[in-house]
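Descriptive structure summary
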Amino acid sequence: MISGADCMRLAMPSGSEEPQRDSGRKRKAWMAVFLVSGLFWLVVALAAWHFWG
C-alpha cells in the first residue's frame, strides 16, 4: 500500500524535475480549442441569421 508521503511525492514532483511537454500535443490541443470555438461561433451566427433573417 502507498503511504501518505509516497502519495504526495507522486502527486507533486520535486522542483528539480522538469515535466515533459510534447510540443506536438500542445499544438494539437490549441488547434482543437480554436476549431471548437470557431464552430461554436458559426452555429451562433447561423442561429441568429435564421432567427432574425
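Attention here is on the structure that accompanies the text.

What counts and what doesn't
Residues numbered from 1 in each chain as written. Predicted model: local features only at pLDDT ≥ 70, side-chain atom pairs only at ≥ 80, totals over all residues. Heavy atoms only, no water. Helix = DSSP H or I, 4+ residues; strand = E, 2+ residues; numbered from the N terminus. Buried < 20%, exposed > 50% of the residue type's maximum accessible area, 1.4 Å probe, protein only. Areas by Shrake-Rupley, 256 points an atom, 1.4 Å probe, with all protein chains shown as cover. Phe/Tyr/Trp six-rings, centres within 6.5 Å; stacked < 30°, edge-to-face > 60°. Patch = residues over 30% accessible without salt bridge, like charges linked within 9 Å, V, L, I, M, F, W, Y side chains within 5 Å. Salt bridge = Lys/Arg side-chain N within 4 Å of Asp/Glu carboxyl O. Expected span 1.5 Å × (residues − 1).

**A short note on the overall build of the chain**
Counting secondary structure elements, the chain contains two helices and zero strands. A buried classification covers 0% of the 53 residues belonging to the chain. Counting only carbon and sulfur atoms, one obtains 69% of the accessible surface of the chain, whose full area is about 5,500 Å².

**What about the packing of aromatic side chains?**
Within the structure shown, the criterion is met by three aromatic pairs. Taking the centre distance of 5.0 Å and the plane angle of 75° together, the rings of Phe-40 and Trp-41 count as edge-to-face. For Trp-41, a relative accessible area of 55% translates into the label exposed.

**Notes on a nonpolar patch on the surface**
A cluster of nonpolar side chains, Leu-35, Leu-39, Leu-42, Leu-46 and Trp-49, forms an exposed patch at the surface whose accessible area comes to about 570 Å². On the basis of relative accessible area, Leu-42 is assigned to the partly exposed category, the value being 46%.

**What about helix H2 (residues 23–52)?**
Look at H2: 43 Å from first C-alpha to last across 30 residues, which is about the 44 Å you get at 1.5 Å a residue. Summarising burial for H2: zero of the 30 residues are buried, a small minority.

Nothing here speaks to function; it is geometry throughout.
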